[in-house]
Structures are given as C-alpha cells and as structure tokens.
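# Structure assessment
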Amino acid sequence: MKTGAKILVESLQREGVKTIFGYPGGVVLPIYDELYDSSLQHILVRHEQAAAHAADGYARASGHVGVCLATSGPGACNLVTGIATAYMDSVPIVALTGQVPTNLLGNDAFQESDITGITMPVTKHNYLVKDTADLGRIVKEAFYIAGTGRPGPVLIDIPKDVSTKVINEPPVPEKVILRGYNPTYHGHKRQIEKALQTIADAERPVIYAGGGVIISNASAELVDFATQLGIPITTTLMGIGCIPCDHPLNMGMLGMHGTEYANFAITECDCLFSIGVRFDDRVTGKTDTFAAHAKIIHIDIDPAEIGKNKHVDVPIVGDVKSVLRDMLSMLKKNGLKEAWLKKVRHWKQHHPLKCPSDGGLHPQYIIRQMSELLNGDAIIVSEVGQNQMWTAQHFCFRHPRTWITSGGLGTMGYGFPAAMGAHFARPDLPVFDVAGDGSIQMNIQEMGTVAHYKIPVKIAILNNMFLGMVRQWQELFYDRRYSFTELPPVEFVKIANAYGIEGVKVECSEDVLPALRTALDCDGPFVMDFRIEREENVFPMVPAGAAINEMIGGHPR
Amino acid sequence: MKPHTLSILVENKAGVLSRVTGLFSRRGFNIESLAVGPCEEPDMSRITIVVIGDDEKIEQVMKQLNKLIDVIKVSDLTNSERVERELALIKVTAELGTSRAEIMQIASIFRASIVDVGAKSLILQVIGDTDKIDALEKLLRQYGIKEFVRTGTIGILRGSKTVSSLK
C-alpha cells in the first residue's frame, strides 16, 4: 500500500530523474513530505518561474527531460511563462503542480486555478489526475510525450487527495501506447532521393540549420554532409553550436541580426536545404523575398511546420538525425561548387561582424574576451535583448548544447535560472549567464538560490542602464524618444554581496579579462557588472518587415 | 475560400472538446458549425466541424489538430462523395385561421414535420443539408420566426468507405 505522493516520487525515479526544481505550498505538502527523505535532489528556487526555467535549462544542456514542481494557484500560474518558453523552443520538461482536493475542484477554493485550462495552449499535453491509480501511468506517459517526437512541456496537475490517498499500486504498463500520438522518425525514401537530386542540381546551395539539429543530436551528421558536398551553413539562433563557429563552411546566424554574408547567401541561393527550422519571422524578414530564387527542401519532425510560413518544394517529415544518416548513405560524389564557395568567402572577408575599438567598454569586446578565455568549453546562457544578440554574434561556440537562450518566446529573466539548471546537467563545465541590467532584474531573486546551494553560475551583466534593445528601436524608428526604457543605475555587486556572492564592477576594457578570470577561478557564483557604452547598438540589423539583404549598420556593398 | 467539413475522431475524455475548439480560436480559424457525439467505438467520440478557409489554411489546421495527443484521426470530407445533414427546429408565428395552411404546405414540400402545434405558433422540424435549411428559413421568415435552433453539420461518406480509410 502506497500514497499517491510515494507513487509519484518513485515514478520520477523510474524515469531517471535526479534533480527537480521547486517551491512548496499547501496542497503539495504530501509530495514535499515524501521528498524529505527521498534520494531525489530538490533545489528550492526563490520564485516558481525560476523552477520552470531551471528545468528547461537542465533539459537543453542535457537532452533529458527537466522537472519542476509548484503548488496550486499562484505557484502553478508562476510556472506559465517558463512552460510557454519551453513550448516555443521545443524543450522537454514535465511540470508538476499541486491542485485543491477533487471534492473542491471548480469551487473557487483557496489557491485554486484551472492550470490545465490555462496551460492548454502552451503545453504539448497536460493532465489533471483524478484517481491515484492513474498516477504511475500518467507520469510515464508525460515523460514519453515530453521527450519524443517534437519535444515539449507536459504538465501534470495533482489534487491533494490524489497525493494522500493510499492504494494498492496498479502495475504500470511496460510501453506507452497512445493511438493519437505516433511521431514519424524515418524520412520517406523517395523524398530523400528527390532532395539529394535537388541539391546536386543546384549551383548555389545553402544549408539553413536550426534547433531541430541540436534536439536531434545530429550535429556530426550535419557537418559531415555539408563538408562532403561543400555547402555553406547558416544557423538560426536556436541552431548555434551545431557547427563549430570557425568551421570554414559556417556563415554564422542569419536573419534580423544575422551576419551580412549569411543573409546575402540566403538571398542569392538557388537551393535552400532547411533542417529543423520553422521559418520564423525574425529569420525570414519579408517572406516573399526570403530565398526567392531557391528550391526549398525542408526536414522537420513536425509536419505542421512544413509549408506553414513558406512554400516548400521537397518536404521530408522525419527526425533530422535519421534523415541525414539516410542521405549520407545515399550520397553520390559530385564536385564542389567552387564559384559559389568563392563568392561566400569573399562576402565573409569583406563583411565581417564589427567590433568597435575606440577605447570605450564595448559589449562585443567583452563577449570576444569571454569566448577566447573559455574556448568553447563552457555553457553560455543568455537573457533576452541586446545581450543575447551580441553573444550569439560574437561568442565562438564549438559544441551543440553549449548555447542556451530563449528564442521563440524571448523571455527576459530566462537566463539566470536556466543557467542554474544547466549547471546540474553539466557540472563539469563552467556556466556563464550573459545578462542585461533589465533582464537580470526580472529574476534577480535567484541569487538566493545560487548562494544557498553554491551553484557556480557566473553572471556577466552588460549594464547600459537601459532596456537596450527597445531603446535601440526607439533610436532607429521612434526618433530617439526613449519612452520608459531608461533604468537608474543599480550596484549589482552590492546586491550580490548581500546574498553572500562575490562580484566585481568593471568600467574599462583593461579590466575585462581579469574580471572574467576571477569569475572563472572562483568556486561559487560570481557577478560581473560591466558598465558598457550606453547607446551601443546591435548591428547589422534588418528592419521589421524588410527583406533580409536590406540591412542597416553593415558594410557598404 | 470554401466550407470544409472536418471529421475528427477523438478520445472520449474530459477536456478534449476544449482542446480542439481552443486550437481553432488560437490559430484564428472560425468555426461555422460544430457537432459532437459518440461514434462506433465506445471509447471514442466524433467531432464534426465546418470551417471556412483556403486549402493551405485547412491543411495547417488539420496538421495542428493531428498534433493533439487526444486526437486520433482528422479527415476532410469535402472532396469525397458524402451525405451531410443538419437538423433544425423552427418556431413560426401562425395564428389560427391565418397562414397556417400555407406554412404546412411549405413544410410538406421540404419534408419537414410539424412537431408542436400551439394556439399562436407551430414548430417545424427539418432535416437536410445546409442549403435546404437556409432555404426553408428564408421562406418562413415572412411569417415571423420566433425561434430558430439548429445543430451543426454531420457527415458520412457514401458507399462502404469510412473516414478511417481516407488519407
């Protein structure tokens, strides 16, 4: 005989869960009592939103399902931003929430909220458990759904009486069988042949690789394929890391803040091989002119992504790794497209990303110093805004799953808690969170958590006393009317010190490297408050709705 | 842009209807009509939805529906030979000795049945496709429709084919 709470904890352990991020409350008391002497590691965050982001960071860094736990009502609602973030970026997490007892459901009881209703649009699936006997099966299904196919968040809402009820635990089925859920992993042979032929016929092919490559762990296959055929690769924000940054075929990121050469190549290519991407508006700019001369091939495990935003000539539904392996096995030798590669090399040479060097403290310089110091052997997490774009542009990533950022939802406050989660996934690697002074203040309370558990997250705040990205748009498109984007100065080191965390304020470029070294050598968490040029912009930039080769802030062509 | 009749086989579980309809509103599709009920399998239900859109939009909505875990199968009946029916109950003003006879005549032409006779009104029950019911409503309007209640469209393929055999 077991309580529901015990069944829950044992089910989590059966799924291989080691660490969960959570915050206790009334209706999860029975679950917390079970956690008290369980071998599961529970990290007490300071706000439930951070629990969801930490589970997400854990999942992105490890490739395994992350788990968070919150109480009913406000606790559950505080998870929502984190769940939506995971949903937009296809991150497998299981969110556990407490709920009022079943006899009070729907009565507006204390701390009741309809969290399955609220999260329906931002979860891959969710459950309200009505019977303790279903709990074991539901947990198994939830992990299966979260982690397979196109991954995503799954929420399980557990009423208090379901946790306390004592039952004879029914056997959990060996295999999950859901007749409405059968992801396609293997690509259609004829479509794969057609794709290979389309690529062989092309003069100016480009690979456009996204988060799907990272999720599918297909980076090696991708680089192998591109190298054998000599096809330049551009990655989305989510795809960064799938090819080493300094690989000769890598053109960096495309889109709104992409490199000029990637955007030129997309505009001029005659074959666009799209892999695990979704033609997001931040990538395509004006869709009509995006790769307008190209035959488009698209691999995705989610059929709904194919043809959603842009017509596709050769669709292939399947897992990126499986499809690329099939393509590699069917590959026929054909000559490299030398003229095209030469053109791309020429663009790369004449349109590099700019890094100002006028003696001021520039964020691009800080990121490049960080990149040199860490040499790709670190996990870099970012917040959202200018800090995120500078990092994406200037840090040299060498491995998949070492770049963690909120792409689709663009969640400020994501980075710090996600960095905590990433540490538990990869305790062997240093973890840096690149933040802005705006973003860091959205979850700054997590300094309590990193101090409490000595989580060695290094926070690099690019402090310009502005909500920088919005300010940039105001400068460029709203006549410099800085409406509510200026932030008064904050002494972040003093805040860190109050939590018992070391930190340093950096005001000139000579002090950047020593500060980064001190942070890296420090055993625990560390805060760097970089006082950067206040009105630095992220360039190049494609204005909203423009074609992606119409960039501002680039080099003359 | 034309109406498409989607036949959606779902798990017979709590909350499934709101997952399906929520998806329509969230992705900006207008539901023209909706009918839900049990089907040949005891643990499944069938939802029939009529939605207006071009082929690409309909394809996208079908793909999104297929992603719902509780949705077992989605079929578009629009391009197949099929039977489609709606049922309507129409309460028409009909004082004794006035237009009653005319209304009853119209009813018989439409093979509608009179299911209630009151002192001042009649209730007609009619079964047919959308156009037939629209036509009857239009004709009856001149007499004064007090209330008009109509089910969503349901549809079934002609011959021995079933929606499960559709692509």
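Residues numbered from 1 in each chain as written. Chains lettered and ligands numbered in written order. Predicted model: local features only at pLDDT ≥ 70, side-chain atom pairs only at ≥ 80, totals over all residues. Heavy atoms only, no water.

### Regarding the domain arrangement of chain B
Residues and elements named next belong to chain B. According to the domain assignment, chain B consists of domain 1 (2–82) and domain 2 (84–154). Measuring from the centre of the C-alpha atoms in domain 1 to the corresponding centre in domain 2 gives 29 Å. On the side of domain 2, four residues touch domain 1, which itself brings seven residues to the contact. A combined buried area of about 450 Å² lies between domain 1 and domain 2, and 51% of that area is made up of carbon and sulfur atoms. (Domains from an automatic or database assignment. Contact = heavy atoms within 4.5 Å. Buried area = accessible area lost by both parts, 1.4 Å probe.)

### Concerning the nonpolar core
Residue and element names in this part refer to chain A. Counting 51 residues, the largest nonpolar core has F21 and I459 as the members making the most contacts within it. Element by element, the count of residues in this core is highest for helix α3 (residues 48–62), at eight residues. Shared between two domains, this core takes at least three residues from each, and those domains are domain 1 (2–167) and domain 3 (363–531). The residues contacting I459, other than those within four sequence positions of it, are F416, D433, A435, I440, M447, F526, V527 and M528. The next biggest cluster of nonpolar side chains, apart from the first, holds 35 residues, and it includes V9, L40, L135 and V139. (Core = buried A, V, L, I, M, F, W, Y, C linked by side-chain atoms within 4.5 Å. Buried < 20%, exposed > 50% of the residue type's maximum accessible area, 1.4 Å probe, protein only. Helix = DSSP H or I, 4+ residues; strand = E, 2+ residues; numbered from the N terminus.)

### Thoughts on the pattern of salt bridges
Residues and elements named next belong to chain A. Inspection of every chain in the model, using the stated rule, returns 40 salt bridges over all chains. The salt bridge partner of R150 is E305, with a shortest N-O separation of 2.9 Å. Of the two residues, R150 is situated in the loop between α6 (135–147) and β7 (154–159) and E305 in the loop between β13 (295–300) and β14 (314–317); the sequence distance between them amounts to 155 residues. For E305, a relative accessible area of 6% corresponds to the buried category. (Salt bridge = Lys/Arg side-chain N within 4 Å of Asp/Glu carboxyl O.)

### Details of the state of the cysteines
Residues and elements named next belong to chain A. Within this structure, the stated rule accounts for one disulfide over all chains. Two residues share a disulfide in this structure: C245 and C396, whose sulfurs sit 1.6 Å from each other. Taken together, the positions of C245 in the loop between β10 (233–235) and β11 (250–253) and C396 in the loop between α16 (386–394) and β16 (403–404) put the pair 151 residues apart, joining distant regions of the chain. A disulfide-free cysteine, C242 has its sulfur positioned 12 Å from the sulfur of C245, the nearest such atom. A disulfide-free cysteine, C269 has its sulfur positioned 7.2 Å from the sulfur of C271, the nearest such atom. (Disulfide = S-S within 2.5 Å.)

### Some details on the interface of chain B and chain A
Frequently, the measure chosen for interface size is the accessible area removed from exposure when the parts meet. Contacts between the two partners involve 17 residues from chain B, matched on the other side by 16 residues from chain A. Summed over both sides, the interface of chain B with chain A buries roughly 1500 Å², with 49% coming from carbon and sulfur. The tally of links from chain B across to chain A stands at three salt bridges. A salt bridge links A:R179 to B:E11, with the shortest nitrogen-to-oxygen separation between them at 2.8 Å. The interface formed by chain B and chain A contains seven residue pairs in polar contact (both at pLDDT 80 or more). (Polar contact = N/O pair within 3.5 Å; in protein donor to acceptor, adjacent residues only side chain to side chain.)

### Concerning empty space enclosed by the protein
Residue and element names in this part refer to chain A. A complete count under the given rule lists one cavity of 30 Å³ or more for this structure. Counted as a void, the largest cavity has a volume near 40 Å³. In this structure, the largest cavity is lined by I199, P205, L229, I231, N334, G335 and K337. Of the residues in the lining of the largest cavity, the class split is four nonpolar, two polar and one charged. (1 Å grid on protein atoms, 1.4 Å probe; cavity = no way out; pocket = protein on both sides within 12 Å on 5 of 7 lines; lining within 4 Å. Points joined across faces, edges and corners; volume = space filled by probe spheres on them. Nonpolar A, V, L, I, M, F, W, Y, C, P; charged D, E, K, R; others polar.)

### Details of the packing of aromatic side chains
All names here are of chain A. The final tally for this structure, using the stated rule, is 13 aromatic pairs over all chains. Centre to centre, the rings of F225 and F273 are 5.6 Å apart; their planes meet at 65°, and the pair counts as edge-to-face. With F225 in helix α10 (residues 219–229) and F273 in strand β12 (residues 271–275), this pair connects stretches of sequence that are 48 residues apart. Accessibility classification places F225 together with F273 in one group, the buried group. Note on F279 and F290: the rings are 6.1 Å apart at their centroids and 85° apart in plane angle, and the pair reads as edge-to-face. Here F279, found in the loop between β12 and α12 (281–284), pairs with F290, found in the loop between α12 and β13; they are 11 residues apart in sequence, far enough to count as distant. (Phe/Tyr/Trp six-rings, centres within 6.5 Å; stacked < 30°, edge-to-face > 60°.)

### Quick notes on the sheet that holds strand β2 (residues 19–22) of chain A
Residue and element names in this part refer to chain A. Within the open sheet, the six strands sit side by side as β3-β2-β4-β5-β7-β6. Their pairing is parallel. Strand pairing shows two members of the sheet lacking a second neighbour, β3 (41–44) and β6 (125–128), which therefore form its edges. Each strand axis lies, on average, 20° off the axis of its neighbour in the sheet, ignoring direction. As paired elements, strand β4 (residues 66–70) and strand β5 (residues 93–99) share five bridges and run parallel to each other. Each bridged residue has a counterpart across the sheet, and for C68 the counterpart in β5 is A95. With respect to the sheet, helix α2 (residues 29–36) is in contact with β2, β3, β4 and β7, its orientation differing from that of β4 by roughly 125°. (Pairing = 2+ DSSP bridges. Axes fitted to C-alpha atoms, helices over the stretch in contact; angles between N-to-C directions.)

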